[in-house]
Amino acid sequence: MKDVKAQLNRLRIAPRKVRLVSELIKGLPVAKAVSQLTFSKKRSASPLMKLVKSAVSNASNNFKIEKDNLYIKDIRVDEGQAMKRYMPRARGRAAVIKKRTSRITLVLREQEKPKIKK
C-alpha cells in the first residue's frame, strides 16, 4: 500500500469555502469523487478536481497503481499566505483587508485487496 500525495498552494479562495467542498469527497473512491466535483456548483470544485486528477496521474505514472484501486484517504485544507490590501476609511485612516488563500494537501491510498480465508 502506497500513499500518493499532491499539494496545491496559494489557491485564491478562502479555506473556509474550500473545506465545504473537500468534506464532500473525503473517503470516496477517485471515480466517485471526480463525478461529485463535476456537478458541484462551488467555485473551489474545479481546482480540487484538477488536484485529484493530478494525484491520480502521479500514482499511475510514478508508482504504477491502477486508477480504479485508489481512494481519497485524507484531504486537508489549511490557510495559506494572506494578501493584505487596504480600504480607505474616515479621517485619513486605512483598514486592512485580508485576501485569504488556501493550501490543500491530498493523500490517495491504494485499496487493500480482500484476503481470502482458507
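The structure this text deals with has already been given above.
Scope of this entry: the structure provided in the associated data block. What you see is a predicted model; the values in this text were computed from it and never measured.

Quick word on the packing of helix 2 (residues 30–38) against helix 3 (residues 45–62)
Consideration 1: Packing of helix 2 against helix 3 brings their axes to within 9 Å, and their N-to-C directions diverge by 160 degrees. Taken together, helix 2 and helix 3 sit at an angle that is classed as roughly antiparallel. Our pair here, helix 2 against helix 3, has a crossing hand that is left-handed. Between helix 2, through Val30, Val34, Leu37 and Thr38, and helix 3, the contact on the second element is made entirely by Ala45, Leu48, Met49, Val52, Lys53 and Val56.
Consideration 2: Residues that form the contact of helix 2 with helix 3 fall into these classes: eight nonpolar, one polar and one charged.

Re a positive patch on the surface
Consideration 1: Positive charge collects at one region of the surface, where Arg12, Arg16, Lys17, Lys42, Arg43, Arg85 and Lys99 lie side by side.
Consideration 2: Assignment of secondary structure puts Arg43 in the loop between helix 2 and helix 3.

Points about helix 3
Consideration 1: With 18 residues, helix 3 ought to run about 26 Å at 1.5 Å a step, and its terminal C-alpha atoms sit 25 Å apart, in line with that.
Consideration 2: Buried within helix 3 are the following residues: Ala45, Pro47, Leu48, Met49, Leu51, Val52, Ala55, Val56 and Ala59.
Consideration 3: Buried residues belonging to helix 3 abut strand 1 (3–11), helix 1 (15–25), helix 2, strand 2 (70–79) and strand 5 (102–110).
Consideration 4: Phi turns positive one or two residues past the end of helix 3, at Lys64, with a value near 55 degrees.

Procedures and definitions
Residues numbered from 1 in each chain as written. Predicted model: local features only at pLDDT ≥ 70, side-chain atom pairs only at ≥ 80, totals over all residues. Heavy atoms only, no water. Axes fitted to C-alpha atoms, helices over the stretch in contact; angles between N-to-C directions. Helix = DSSP H or I, 4+ residues; strand = E, 2+ residues; numbered from the N terminus. Parallel < 35°, antiparallel > 145°, perpendicular 65-115°, else oblique. Left-handed = near helix turned anticlockwise from the far one by under 90°. Contact = heavy atoms within 4.5 Å. Nonpolar A, V, L, I, M, F, W, Y, C, P; charged D, E, K, R; others polar. Patch = residues over 30% accessible without salt bridge, like charges linked within 9 Å, V, L, I, M, F, W, Y side chains within 5 Å. Areas by Shrake-Rupley, 256 points an atom, 1.4 Å probe, with all protein chains shown as cover. Salt bridge = Lys/Arg side-chain N within 4 Å of Asp/Glu carboxyl O. Lys, Arg positive; Asp, Glu negative; His and termini not counted. Charge placed at Lys NZ, Arg CZ, Asp CG, Glu CD. Expected span 1.5 Å × (residues − 1). Buried < 20%, exposed > 50% of the residue type's maximum accessible area, 1.4 Å probe, protein only.

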